[in-house]
Structure formats: structure tokens, C-alpha cells
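# Overview (structure and organization)
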Amino acid sequence: MTVEESESPGRWQTITLTALAMLLVLRVVFTGISPLNLYADEAQYWRWGDTLEWGYYSKPPMIAWVIHAVTAVLGDAEWAVRLPAAFLHTAGATFIYFLARDMYGARVGMFASLGYALMPAVILSSVVISTDGVLIPFWCAALWALWRLRSGQGAWVSALGLGVAVGLGFLSKYAMLYFAIGVVLVLLIDVQSRRALLSWKGLAALAVAAAIFAPHLAWNAANDFKTVSHTVDNANLGGDLINPENALTFLVDQLGVFGPISFLALVFGIFVMRSEDDGIMGRDRWLLCFILPVLLIIMAQAVLSRANANWAATAYPAASVLVASWLARAKPNRKLWYIIAAVSFVAFLLAPDVSFATRLLIGAIVAAAILGYGHFVRHSPSGLLWTSLSLHAALMLALLTLALLPASLSTSLGFDNALKRTRGWDSAAEQLFARADALGATSVLVDEREAWHGLDYYARERTTPMISWRRYAGPKSFSEAQPLEGGLADRVLIASLHPGMRPKLRSDFQSFDHVGEISIPLGTRSNGCPILREFQLYLGTGYDRQDRTPEWEERFDGQTEFKPEPCPSPTDQ
């Protein structure tokens with residue numbers, strides 16, 4: 001362990017745990033007072049939690065179990081659905097502290113733990129409920145348990161803890177598979193890891209993990225492997241392959257996931273930072289086994305098809321430790337500070353869903369702050385750790401404040417487009433089901449998965465059933481699980497968001513009469529155009545579902561109904 005004699009490990013641990021406790025309180029308070037609606041995925045996970053299963057349509061069961069456990073006690077309010085996220089990430093940050101402390105010392109542990117807790121992706125994931133937020137604490141716990149086992153600490157407790165963490169991680173998200181890849185790599189490069197894992201303790205860890213995950217595999221086998229097949233479909237490898245421009249997009253996105261300073265320091269360190277201490281280099285390489293495979297596999301996925309920015313999230317617990325250790329021991333480097341300031345400025349200019357003026361202002365302030373502080377600390381790389389923590393803390397406070405501001409202020413700052421998915425579902429649900437009751441509808445039919453989940457949560461006390469229209473021969477999402485049939489199809493109120501779907505919808509009914517619209521204002525775009533969620537309403541009778549053949553699809557190519565006119569920006573008028 002590389003700890004300076006003058007350091008007090010207890011001091012750094014106290015600072016870390018106190019800061020994490022303060023962050024936890026802040027996040028819990030924000031969750032309790034946030035005016036933001038649940039977005040579609042959150043509403044979907046809440047619905048899954050109605051019943052406790054060993055698996056669900058597109059994910060393993062852990063997130064539904066967590067939501068069920070909390071809402072069974074605290075009720076179904078938005079804050080109760082989201083509440084576990086803050087505690088889960090606090091647990092993950094705590095495990096990161098202990099991992100980094102055991103590998104590099106308590107000071108690095110503090111930087112790594114707070115760097116993780118204030119990572120931009122974690123700032124967001126701590127106030128919403130997501131599968132990444134449920135997975136990552138188990139990943140962090142598994143990393144720490146594996147390192148302890150490798151180092152001869154904890155003996156059987158570490159082995160059994162590793163098995164439990166890995167098993168629960170697999171029950172949270174299949175991305176835990178990347179951890180298994182990391183384990184294979186450390187077995188190849190690290191003698192001590194081989195000694196620890198190729199033993200009775202390693203076998204016990206494997207057996208515990210398999211026993212925990214086995215019921216989910218049995219559930220999948222009994223349900224046509226629907227979760228596995230959805231995961232394969234999500235890879236989207238059936239379209240045009242090889243899109244090299246997506247690699248650059250993926251890398252830029254990671255600046256926003258891990259933070260510009262942290263990600264650039266990671267890339268810089270991989271290529272240029274070295275140490276003559278074989279012990280430290282061995283630890284560095286050990287961590288890289290849990291970082292590089294994730295980043296390279298997801299970047300390859302992006303090039304082959306597509307990849308969401310958060311798909312590489314599991315690389316960053318180990319990366320938080322590695323970056324903290326690198327910068328804490330590196331020599332002053334003026335060039336590194338200037339590179340990070342310049343790329344951070346560009347990264348803010350590329351941020352989506354925000355007006356250009358806002359991006360330019362924030363980017364300039366951040367770049368100037370980095371350069372100014374770099375001069376103050378004589379360009380010591382360890383100063384970048386404090387800079388990164390300060391930048392991310394300011395970002396967190398800004399985002400939390402923005403979410404609490406009146407809509408008029410978020411409009412003036414150009415953030416409405418970023419918030420639109422978390423607005424208006426409560427109002428839409430109230431208006432839509434009031435119309436359904438007034439028209440005597442036997443069911444409500446919607447033509448989008450996201451709309452079904454948003455309306456489902458905010459109309460959870462409804463008496464009229466809601467169905468998601470099946471465009472294809474069979475269900476393609478959890479929302480489409482219930483077919484439109486029997487008495488539900490007698491008098492259907494169709495709420496359509498998509499102009500191109502309406503001619504296809506019409507073909508399934510003998511009568512299909514337009515009965516109005518519901519328009520929900522969600523704010524204003526940076527070009528001055530309003531953001532609206534518009535449902536065109538139809539009353540359908542004589543339901544007769546058409547066969548979903550290629551000929552049926554081709555029949556409606558290019559057809560639309562009630563397609564909105566494009567909004568001219570002020571410069572076009």
C-alpha cells in the first residue's frame with residue numbers, strides 16, 4: 001500500500017464518509033421535492049414491481065424488487081419510486097473508497113470515492129431509478145471483495161461476498177458479464193489473482209454466484225428466453241454495419257458520463273503515465289482489466305450499430321480509482337492542464353438539448369477556471385482531482401437547482417428540451433382518461449411504448465383499461481403484453497402521437513372517427529419553437545386486426561394524418 005507516513009488514514013476516511021453522508025441527504029431532499037414526472041423507463045420498472053418475478057420482459061428482476069420493497073412501505077409517489085437510487089450510489093461510493101484505500105491508500109480512496117459520487121452520470125442516476133444505478137453498487141462490492149480475496153484479506157468472507165455481489169449484479173443487469181471478462185483477464189496477467197481464484201475459495205464464490213442467478217435462468221427458460229432475446233435485439237446488429245463516425249460520438253459522450261477531466265486523464269494515463277514500481281503498475285493493470293474491455297466492446301458496438309452513452313457505465317468504478325491514483329502520484333504537467341481546459345470547452349459546446357449561448361458561456365467559464373486553478377497549484381496533476389470534484393459539484397448543484405426552477409426560467413436558459421421527457425404525463429393522463437369516460441370507451445389504445453408507460457403510472461387509479469398497439473405480428477415491448485381483444489375492442493379511444501402510424505391504425509378498425517386532440521405544452525426549444533406532446537384522438541369500432549405482412553407495411557409508405565407543420569425559427573421568419 002502506498003500511503004505517506006505523514007498521512008492520517010482516519011482523517012481521509014472521516015472526510016469521505018462525511019461528504020458521502022452530506023451528498024446522500026442532499027439527494028434524498030431533492031428526490032422528495034422534485035417536480036419532475038417519472039420518465040418512461042422509471043414508470044415501466046414501477047409497473048414491473050407490482051408482481052415479484054424472477055425476470056421481466058427486458059431486464060433481470062432486481063430493479064423491480066427494489067422498487068417493490070420501497071413502495072410497499074412508502075406508497076407509489078414519484079419520490080418513493082426514486083428513493084433507492086441515492087442510497088444505492090452512496091453504497092457504491094463507499095465500496096469504492098475501501099477498494100482504493102486498500103490498493104493505494106486512504107487519500108486516493110477519498111478522491112476515488114468522491115470522484116465516483118460526483119461523476120456526471122451518477123449525479124443524474126442518484127435522483128432517478130435505473131438499472132445502472134442498481135447494478136453499479138454490486139459491481140463496486142464485487143471489485144472490493146475480489147481485491148481482498150486476491151490480497152489474502154477476509155478469506156472465506158471475501159470469497160462468499162464476491163459470489164453474492166456477482167450473483168446479485170447479474171440479477172440487476174446483464175452488463176455484469178463484463179465483470180466476468182475482467183476476471184478472466186486478471187487470471188491471465190496476475191499470479192496472485194490466479195492463486196486466489198483457482199482455489200476452493202474461488203470455487204465457492206462461483207457456486208454462490210451461480211446459485212443466486214440460477215432461478216432467473218430457469219425463469220427465462222420457462223418464458224422463451226424473452227429477457228435474453230430482448231438484450232440481443234437491443235444490440236441492433238441486423239442493420240447497416242460499420243459506422244466509424246459513431247466511435248467519435250461514443251468518445252465524446254463519455255466526456256459527459258465520466259466527466260471531461262476524468263475521462264481525458266484516463267485516456268492520457270493509458271498512453272503516457274508509467275511507474276517504475278512494479279507493485280503499483282500491477283495494481284494499475286489489474287484495474288485496467290475492468291475498464292478497457294468495457295470501453296472497447298461498447299465502442300465496437302457503437303461502430304457496428306449504435307451504443308447509448310451509459311452502456312459503458314461499468315468501466316468507471318475502477319476508472320475512478322485508477323484516475324485518482326494516477327493524478328495523485330503524477331509530476332506537474334502544464335501541457336495536460338491546457339489540453340484538458342481546451343477539450344472541456346469543446347465538450348460543453350457539443351452538449352445536446354441546450355442553447356448554444358448557454359453552452360458557450362458554461363464552456364468558457366469552465367475552461368477559464370481550470371486554467372486559473374492550474375496556475376495556482378503550479379500545474380500539479382493532483383490539483384486536477386480537486387478541480388474535477390469542484391466542477392462536478394457545481395454541475396450537480398446547477399442541475400438540481402434547474403429542475404426546481406419555474407418553467408419560465410428553464411425556458412430562458414434553454415433547458416426545456418432536456419427536461420421534456422419528465423414533464424406533462426400527469427396532465428396528459430388526467431385529460432385522456434376524462435375523455436375516455438365521457439365517450440364511454442371500453443379501452444384506450446396508444447401507439448408508443450413511452451406514452452403507454454407515462455400514462456400508465458399517472459393514470460394508475462383508472463378504471464378504463466389501456467392497451468399498447470401492436471404494430472408488428474407479436475409484442476415488441478412490455479407495454480404490448482396485453483392484446484386488444486374481446487370486450488376491450490368494442491369502443492376504443494385511440495390516442496396517437498405519430499402521424500405516420502395513424503393510417504396503419506385506421507386499417508385495424510371498420511370505423512375510425514377523429515374526435516379531437518390533447519396538446520400538452522412542455523416548454524420552448526432554443527430556436528423559439530414550442531415543445532408539445534400532441535395526441536390526436538380517434539374513436540374506433542369494429543376492430544379487425546390486419547395481418548402484419550410486408551404488403552401491409554408497404555401499403556402505407558409515406559402516408560400520414562395530422563402531420564404538424566414545421567415550426568420556423570425566428571431567423572426564418
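Cut-offs applied
Residues numbered from 1 in each chain as written. Predicted model: local features only at pLDDT ≥ 70, side-chain atom pairs only at ≥ 80, totals over all residues. Heavy atoms only, no water. Helix = DSSP H or I, 4+ residues; strand = E, 2+ residues; numbered from the N terminus. Rg over C-alpha atoms; globule rule 2.2 N^0.38 Å. Areas by Shrake-Rupley, 256 points an atom, 1.4 Å probe, with all protein chains shown as cover. Lys, Arg positive; Asp, Glu negative; His and termini not counted. Charge placed at Lys NZ, Arg CZ, Asp CG, Glu CD. Pairing = 2+ DSSP bridges. Axes fitted to C-alpha atoms, helices over the stretch in contact; angles between N-to-C directions. Contact = heavy atoms within 4.5 Å. pLDDT = per-residue confidence, 0-100. Disulfide = S-S within 2.5 Å. Buried < 20%, exposed > 50% of the residue type's maximum accessible area, 1.4 Å probe, protein only. Core = buried A, V, L, I, M, F, W, Y, C linked by side-chain atoms within 4.5 Å. Expected span 1.5 Å × (residues − 1). Parallel < 35°, antiparallel > 145°, perpendicular 65-115°, else oblique. Left-handed = near helix turned anticlockwise from the far one by under 90°. Nonpolar A, V, L, I, M, F, W, Y, C, P; charged D, E, K, R; others polar. Salt bridge = Lys/Arg side-chain N within 4 Å of Asp/Glu carboxyl O.

Across its full length, the chain holds 26 helices and five strands. Here the C-alpha atoms of the chain give a radius of gyration of 26 Å, agreeing with the 25 Å that 2.2 N^0.38 yields for 573 residues. Counting only carbon and sulfur atoms, one obtains 62% of the accessible surface of the chain, whose full area is about 25200 Å². Taking the average place of the 44 positive charges on the side chains of the chain and the average place of its 47 negative ones, the gap between the two points comes to 9 Å.

Looking now at the sheet that holds strand S5 (residues 530–543). The mixed open sheet is built from five strands, whose spatial order is S2-S1-S3-S5-S4. Looking at the sheet topology across the chains shown, the edges are occupied by strand S2 (466–468) and strand S4 (509–524). Each strand axis lies, on average, 25° off the axis of its neighbour in the sheet, ignoring direction. Contacts from helix H23 (residues 425–439) reach strand S1 (443–446), S2, strand S3 (492–496), S4 and S5, with the element oriented near 155° to S4. Here helix H24 (residues 449–458) sits on the sheet and contacts S1, S2 and S5; the angle it forms with S2, its principal contact strand, is near 160°.

Right, let's get into the pairing of S5. The side chains of a regular strand alternate, first on one face of the sheet and then on the other. Summarising the sheet, S3 and S5 pair through five bridges and their orientation is antiparallel. Looking across to S5, one finds that Ser496 is bridged to Gln536.

Moving on, we come to the confidence of the model for the chain. Averaged over all residues, the pLDDT of the chain is 90; the fraction at 70 or higher stands at 94%. Long-range and interchain partners of residues 1–6, a stretch whose pLDDT sits below 50, account for 13 contacts in this model, where long-range means more than four residues apart.

Moving on: the state of the cysteines. In this structure the tally under the stated criterion is one disulfide. A sulfur-sulfur distance of 2.2 Å marks the disulfide that ties Cys529 to Cys567. Between Cys529 and Cys567, the disulfide has an S-S torsion of -95° and is therefore left-handed. Linking Cys529 in the loop between S4 and S5 with Cys567 in the segment after helix H26 (550–555), this pair joins segments that are 38 residues apart in sequence. Accessibility expressed as a relative area gives 40% for Cys567, which makes it partly exposed. A disulfide-free cysteine, Cys140 has its sulfur positioned 17 Å from the sulfur of Cys289, the nearest such atom.

Moving on: the nonpolar core. Formed by 150 residues in total, the largest nonpolar core has its most connected members in Leu162, Phe179, Leu266, Phe290 and Phe535. Among the elements that make up this core, the one with the highest residue count is helix H7 (residues 131–150) (14 residues). Dropping the residues within four chain positions of it, Phe290 is found in contact with Trp139, Leu143, Leu146, Phe179, Gly182, Val183, Val186, Thr314, Ala315 and Ala318. If you look at the next biggest cluster of nonpolar residues, it comprises 15 residues, including Leu445, Trp469, Ala489 and Met501.

You can see Ser344 is positioned in helix H18 (residues 334–349). A residue is classified by how much of its surface remains accessible, and Ser344, at 0% relative accessible area, is buried. Not counting the four nearest positions on each side in its chain, Ser344 is found in contact with Pro260, Ile261, Val366 and Ile370.

The next point concerns the environment of Ala112. Residue placement: Ala112 occurs in helix H5 (residues 106–117). Separated by 130 residues in sequence, Ala112 and Ile242 have C-alpha atoms that sit 36 Å apart. The residues contacting Ala112, other than those within four sequence positions of it, are Ile96, Ala100, Ser320, Val321 and Ala324.

Moving on, we come to helix H14 (residues 260–272). Given 3.6 residues to a turn, an α-helix orients residues that are three or four positions apart in the same direction. The terminal C-alpha atoms of H14 lie 18 Å apart, and with 13 residues this matches the ideal 18 Å at 1.5 Å per residue to within 8%. Taken as a whole, H14 has its buried residues at Pro260, Ile261, Ser262, Phe263, Leu264, Ala265, Leu266 and Gly269. Tucked into the core, H14 has its buried residues touching helix H13 (245–258), helix H16 (292–304), helix H17 (316–329), H18, helix H19 (356–376) and helix H20 (381–404).

If you check the backbone angles, Arg378 has positive phi at about 60° while not being a glycine. For Arg378, a relative accessible area of 71% corresponds to the exposed category. The phi angle at His379 is positive, at roughly 60°, despite the residue not being glycine. Checked against the element boundaries, His379 lands in the loop between H19 and H20. The exposure class assigned to His379 is buried, which follows from its relative accessible area of 8%.

The subject of this paragraph is the environment of Phe268. Relative to the helices and strands, Phe268 is located in helix H14. When the C-alpha positions of Phe268 and Ile339 are compared, they lie 10.0 Å apart, and in sequence the two are 71 residues distant.

Their axes nearest at 8 Å, the elements helix H4 (residues 78–104) and H7 cross at an angle of 20°. In terms of orientation, H4 lies roughly parallel with respect to H7. Relative to H7, H4 is oriented so that their crossing is left-handed. Contacts between H4 and H7 involve Leu88, His89, Gly92, Phe95, Ile96, Phe98, Leu99, Asp102 and Met103 from the first element and Gly133, Val134, Pro137, Cys140, Ala141, Leu143, Trp144, Trp147 and Arg148 from the second. Across the contact of H4 with H7, the residue classes tally to 13 nonpolar, three polar and two charged.

So, about the pairing of S4. In this structure, S4 lies alongside S5, joined through 13 bridges in antiparallel fashion. Paired with Phe512 across the strands is Gly540, a residue of S5. In this antiparallel pair of consecutive strands, S4 and S5, the connection spans five residues, and Gly528 shows a positive phi of 95°.

It is possible for side chains bearing opposite charge to pair when their charged atoms get close. Under the definition given, this model contains 14 salt bridges. Between Arg82 and Glu42 there is a salt bridge; the shortest N-O distance is 2.8 Å. In this pair, Arg82 sits in helix H4 while Glu42 sits in helix H2 (residues 40–48), placing the two residues 40 residues apart along the sequence. Just as Arg82 is buried, Glu42 falls in that class too. A salt bridge links Arg548 to Asp508; its shortest N-O distance comes to 2.8 Å. Here the residue Arg548 occupies a position in the loop between S5 and H26, and Asp508 occupies one in the loop between helix H25 (502–507) and S4, the gap between them amounting to 40 residues. Overall, the relative accessible area of 17% leaves Arg548 in the buried class.

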